There are 2 protein chains.
Amino acid sequence: MNPVRVALLGCGTVGADVVRLLNEQAADLTARIGAPLQLVGIAVRRPARDRGDLPVDPALFTTDALDLVKRDDVDIVVEVVGGIEPARTWLVEALHRGKSVVTANKALLAEDGPTLHQAAVDGRADLYYEASVAGAIPLLRPLRESLHGDRITRVTGIVNGTTNFILSSMDATGAGFSEALDEATALGYAEADPTADVEGFDAAAKAAILASLAFHTRIRAADVYREGITEVSAADVASAKAMGCTIKLLCLAERSGDAVSVRVHPAMIPRTHPLASVSDAFNAVFVEAEAAGQLMFYGRGAGGAPTASAVLGDIVAVARNRLAGVRAASESAYADLRVRPIGEATTRYHISLDVSDRAGVLAAVAGVFAKHGVSIATVHQSGRGNEAVLVIVTHRAKDAALAATVAELRSLDIVRSVASVLRVEGE
Amino acid sequence: MNPVRVALLGCGTVGADVVRLLNEQAADLTARIGAPLQLVGIAVRRPARDRGDLPVDPALFTTDALDLVKRDDVDIVVEVVGGIEPARTWLVEALHRGKSVVTANKALLAEDGPTLHQAAVDGRADLYYEASVAGAIPLLRPLRESLHGDRITRVTGIVNGTTNFILSSMDATGAGFSEALDEATALGYAEADPTADVEGFDAAAKAAILASLAFHTRIRAADVYREGITEVSAADVASAKAMGCTIKLLCLAERSGDAVSVRVHPAMIPRTHPLASVSDAFNAVFVEAEAAGQLMFYGRGAGGAPTASAVLGDIVAVARNRLAGVRAASESAYADLRVRPIGEATTRYHISLDVSDRAGVLAAVAGVFAKHGVSIATVHQSGRGNEAVLVIVTHRAKDAALAATVAELRSLDIVRSVASVLRVEGE
């Protein structure tokens, strides 16, 4: 039986685990595919680098990725490099030549997915990317296939392990953001430059991919409203606890009518919500669909072996497709939905105000909410000397109305400061 | 565009929701498939039955299911009747004629899956059955496809909503089994004859299907060791609580070496285990794989709409395959693993003994465990008058050794009775 020939682009943590699994599981993979997989080339920046006991022939290494994807003896291109360029050039070239592509590159898919999908159509090739969102969790295939007879209304996910580790740590120890970030860095959960994680860029890319699949439309990273967790304070975490909540960096994608809202921001969720108990570096995605009801998918969102598991699952699928002479269904973007700006999204706010402790403060504050049509759910007032703290939780309202309310509160003389503003979700 | 023509066998709760979804989602389904779905016949026992506002032409009803599946104008046969015969005859006939089959029939798949799979190969037709296990939860497709690059080591599931409702109720209220069953019956969670659920037959069928997919081997319902929940007492539930555990009816499928152990029985699991918080009629399946690590899939395991969601997802998949002129990969049973008898499975026991309160009892009891090579993890002794209760939790051991230990304990004079024996899992 002729082997199915695989070129690997990148051999870092994930790539090395892909090589190991290809080796260790060779007999099972052959049985499942119906032909052996053969690794025919690995593109890396530094071929001479010490790769420990990686079971691979050094002759397979090359620095010329573009040349590798063009080779006639390559059937499947697996990309675990990341970033927009040169990955895009390599993958478009591979797809145009009819080679199947398996990628974990969320940034590229979220930035310019349509270009890749079009190249797959043009080359009549497969484009699989299960590993791009939530690592090992089988999530994209269920969204792409299992739920195709249903109508998904909302996807709520914890899809970034670094920020979930930091927020879990703040929740458990009362630490502030900087302290928790330092711990995450020391333990290897955060990168030296943690910007992509803590500012929500990584989660926003994954939100764009999830929303595109869930709603059969095109959402790019630029369509996703994004706030990171750098402003989340120990006081916010304490406030959340007092409300029976915990703070998570959520990605939320909601459909209403012919529009979708996609956003990434920290939010309080009740401790009774299934996502509340997803701690440390685990990921989970909660999906709500009209007929299926509530579903949750949980597992490891990052790491070499879990991500490699997802990559290998895709390799098996595209290898089978090649042997059967077929390709998977193309991108499904027929719904072509409008993207709602964040102001149109509905959410609830939790607002802490430091106010002058004098008669009439509550009436004045309540008047601002009423003026913007925002209904208050609960108010807690506590005072010390001539200062008081008002903690207000609203009912659901448009984000624009909530933001305008906060802006006006900041301008009131009786409001010394707006100590914190957090959205509340999951209720 | 020519429609893809669907015949429906059965129009009970699930069938009616399939009809509703086909109707409500028609535009989306057409866009996702690339052609419209057309319902061309519905086989039922009583065509004249009042079906409320079901949006269907009464002329579509027939009592002759076999004739319906033979019709040339049928492309896809959807079976939601259940049971072994006549469903097997209908589906084999359909598959032999090259028609794609979507079924929710766990009993048939677990009893005689190989016959259906062979008929699918012979007829070059698709056989999909996502709805047969855990209702709306996309579970079989992830096992069949997403995890194909990995090696699954264990599957632990709560896959029967009726028993989970009963056990959740016993845990919450302290009620006994009969009382909780009556409540479940009154609320419609248990059928008039609850045998299939409470004796574990339903869960055993699902365990067989899950184990077959997870381990690429053939497991039939008869291979599954099975104990129901009728013997679980309020005292057992209280004992579990005292240990920080809750009792669940688990389906467990484990691979070690070239053998698998598949069993369904009530077990104590720690309240900190992700499955412990799966309550009422929800289902969840916990999957452990070498590279992926721990994964969990959670959602509604039964009910018309959730099950119909899974059926529709399969209909979309097989309709697309037909239009593309392809069929999905056949049954993967290459591993051909031996089934371990229950005695070879390893587990832990929680044992409550009523004993004579006299010196030497603990030594005598401990001697029995030692004789059978079973290591004790904890002992709690409490006494009243000249009676005492010993609660013993073992370390992991072969089930046969544990069972032999219990049998010998029963024969001791100093043991008045063995009050309860429960397995402990999830640690």
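A brief look at the structure comes next. Note that this is a predicted model, so its numbers are computed, not measured.

Cut-offs applied
- Residues numbered from 1 in each chain as written.
- Chains lettered and ligands numbered in written order.
- Predicted model: local features only at pLDDT ≥ 70, side-chain atom pairs only at ≥ 80, totals over all residues.
- Heavy atoms only, no water.
- Core = buried A, V, L, I, M, F, W, Y, C linked by side-chain atoms within 4.5 Å.
- Buried < 20%, exposed > 50% of the residue type's maximum accessible area, 1.4 Å probe, protein only.
- Contact = heavy atoms within 4.5 Å.
- Pairing = 2+ DSSP bridges.
- Helix = DSSP H or I, 4+ residues; strand = E, 2+ residues; numbered from the N terminus.
- Salt bridge = Lys/Arg side-chain N within 4 Å of Asp/Glu carboxyl O.
- Buried area = accessible area lost by both parts, 1.4 Å probe.
- Polar contact = N/O pair within 3.5 Å; in protein donor to acceptor, adjacent residues only side chain to side chain.
- Phe/Tyr/Trp six-rings, centres within 6.5 Å; stacked < 30°, edge-to-face > 60°.
- Lys NZ or Arg CZ within 6 Å of the ring centre and 35° of its normal.
- Axes fitted to C-alpha atoms, helices over the stretch in contact; angles between N-to-C directions.
- Parallel < 35°, antiparallel > 145°, perpendicular 65-115°, else oblique.
- Left-handed = near helix turned anticlockwise from the far one by under 90°.
- Nonpolar A, V, L, I, M, F, W, Y, C, P; charged D, E, K, R; others polar.
- Least-squares fit on C-alpha atoms with pLDDT ≥ 70 in both.

**Points about the nonpolar core**
One finds Leu-210 of chain A together with Leu-210 of chain B to be the most contacted residues of the largest nonpolar core, which totals 164 residues. If near-sequence neighbours (up to four positions away) are discounted, Leu-210 of chain A is found in contact with Val-133, Leu-139, Leu-140, Leu-143, Val-155, Val-159, Cys-251 and Val-285 of chain A. Core analysis: the next-biggest nonpolar cluster, separate from the first, contains 39 residues, Ala-131, Ala-310, Ala-317 and Ala-319 of chain A among them.

**Digging into the sheet that holds strand E3 (residues 61-62) of chain A**
Residues and elements named next belong to chain A. In space, the six strands of this open sheet follow the order E3-E2-E1-E4-E5-E6, with parallel pairing throughout. Looking at which strands have only one partner, the edges of the open sheet turn out to be E3 and strand E6 (127-128). Bridge count between strand E4 (residues 76-79) and strand E5 (residues 100-103): four bridges; the pairing is parallel. Among the inter-strand pairings, Val-78 is bridged to a residue of E5, identified as Val-102.

**Quick look at the pattern of salt bridges**
Summed over the entire model, instances satisfying the criterion amount to 52 salt bridges over all chains. With a closest N to O distance of 3.1 Å, Arg-141 of chain A and Glu-145 of chain B form a salt bridge. Taken together, the residues span two chains, with Arg-141 of chain A in helix H6 (residues 140-146) and Glu-145 of chain B in helix H6 (residues 140-146). Taking relative accessible area as the criterion, Arg-141 of chain A reaches 3% and is therefore assigned buried. In this structure, Asp-399 of chain B engages Arg-423 of chain B in a salt bridge whose closest nitrogen and oxygen atoms are separated by 2.8 Å. Of the two residues, Asp-399 of chain B sits in helix H14 (residues 399-411) while Arg-423 of chain B sits in strand E18 (residues 415-424), which places them 24 residues apart along the sequence. Here Asp-399 of chain B matches Arg-423 of chain B in class, with each residue buried.

**Concerning the interface of chain A and chain B**
At the junction of the two partners, chain A supplies 42 residues and chain B supplies 43 residues. Where chain A abuts chain B, roughly 4,000 Å² becomes buried across the two surfaces, and 52% of that area is made up of carbon and sulfur atoms. Looking only at chain A, the three residues that lose the most surface to chain B are Arg-32, Tyr-298 and Tyr-334 of chain A, adding up to 15% of its buried area. Across the chain A-chain B interface, the total number found is four salt bridges. For the pair chain A and chain B, the interface holds 24 residue pairs in polar contact (both at pLDDT 80 or more). Residue assignment for the side of chain A that touches chain B shows that the elements contributing at least two residues are helix H1 (13-24), helix H2 (26-33), H6, strand E12 (293-300) and helix H12 (304-324) of chain A. Inspection of the sheet shows E12 of chain A paired to strand E12 (residues 293-300) of chain B by three bridges, in the antiparallel sense. The residue bridging Phe-297 of chain A from the neighbouring strand is Phe-297 of chain B, located in E12 of chain B.

**Focus: the packing of aromatic side chains**
All names here are of chain A. This model, assessed by the stated rule, comprises five aromatic pairs over all chains. Centre to centre, the rings of Phe-165 and Tyr-189 are 4.3 Å apart; their planes meet at 25 degrees, and the pair counts as stacked. Placement of Phe-165 in helix H7 (residues 161-173) and of Tyr-189 in the loop between helix H8 (177-186) and helix H9 (195-198) is noted, with a sequence separation of 24 residues between them. By relative accessible area, Tyr-189 is classed as partly exposed at 37%. Taking the centre distance of 5.0 Å and the plane angle of 5 degrees together, the rings of Phe-282 and Tyr-298 count as stacked. One end of the pair, Phe-282, is in strand E11 (residues 282-289); the other, Tyr-298, is in strand E12, and 16 residues separate them in sequence. This pair shows no difference in class: Phe-282 is buried, exactly as Tyr-298 is. We note Arg-226 situated over the ring of Phe-201; from NZ or CZ to the ring centre the distance is 3.8 Å.

**Looking at the packing of helix H4 (residues 87-96) of chain A against helix H5 (residues 106-123) of chain A**
All names here are of chain A. Here H4 crosses H5 at 20 degrees, and the two axes come no closer than 8 Å. In terms of axis orientation, H4 runs roughly parallel to H5. The crossing of H4 and H5 is right-handed. On H5, the residues touching Ala-87, Arg-88, Leu-91, Val-92, Leu-95 and His-96 of H4 are Leu-108, Asp-112, Thr-115, Leu-116, Ala-119, Ala-120, Asp-122 and Gly-123. A breakdown of the residues in the contact of H4 with H5 according to their chemical character gives eight nonpolar, three polar and three charged.

**Considering the side chain of Asp-75 of chain B**
All names here are of chain B. Here Asp-75 shows up in the loop between helix H3 (65-70) and strand E4 (76-79). Here the side chain of Asp-75 touches Arg-5 through a polar contact of 2.7 Å, landing on its backbone nitrogen. Setting aside residues up to four positions removed in sequence, Asp-75 forms contacts with Pro-3, Val-4, Arg-5, Lys-99, Ser-100 and Arg-322.

**What about the relation of the copies chain A and chain B?**
Between the two copies of this chain, the relationship is a rotation about some axis together with a displacement along it. Each copy of the sequence occupies a distinct position, and chain A is placed on chain B by a rotation of 180 degrees and an axial shift of 0.0 Å, giving an RMSD of 0.0 Å. Both chain copies can therefore be described as sitting about a two-fold axis. Using C-alpha coordinates, one finds that chain A approaches the rotation axis most closely at Phe-297 of chain A, a distance of 2.5 Å. Most of the interface of chain A is mirrored in chain B, where 100% of its interface residues again form contacts.

**Quick word on the pairing of strand E10 (residues 259-270) of chain B**
Across a regular strand the side chains alternate sides, sitting on one face of the sheet and then on the other. All names here are of chain B. The element E10 is extensively covered by neighbouring structure, given that twelve of its twelve residues are classed as buried. Because side chains alternate across E10, one face comprises the buried residues Ala-259, Ser-261, Arg-263, His-265, Ala-267 and Ile-269, and the other comprises Val-260, Val-262, Val-264, Pro-266, Met-268 and Pro-270, equally buried. Of the strand pairs in this sheet, strand E8 (residues 225-226) and E10 are connected by two bridges, and their pairing is parallel. By the bridge assignment, Tyr-225 is partnered in E10 with Arg-263. As judged from the twelve bridges shared by strand E9 (residues 245-256) and E10, these two strands associate in the antiparallel manner. Bridging from a neighbouring strand, Lys-248 pairs with Ala-267 of E10. The turn linking E9 back onto E10 is made up of two residues, and Gly-257 within it adopts a positive phi angle of 60 degrees. Pairing of E10 with strand E13 (residues 338-339), which is carried by two bridges, proceeds in the parallel orientation. The residue bridging Val-260 from the neighbouring strand is Val-339, located in E13. As judged from the two bridges shared by E10 and E18, these two strands associate in the parallel manner.

**Topic: the sheet that holds strand E5 (residues 100-103) of chain B**
Residues and elements named next belong to chain B. With respect to topology, six strands assemble into an open sheet ordered E3-E2-E1-E4-E5-E6, the strand pairing being parallel. Edge positions in the sheet fall to strand E3 (61-62) and strand E6 (127-128), since each has one partner strand and no second. When E5 meets E6, the two strands line up parallel, connected through two bridges. Paired with Val-102 across the two strands is Tyr-128, which belongs to E6.

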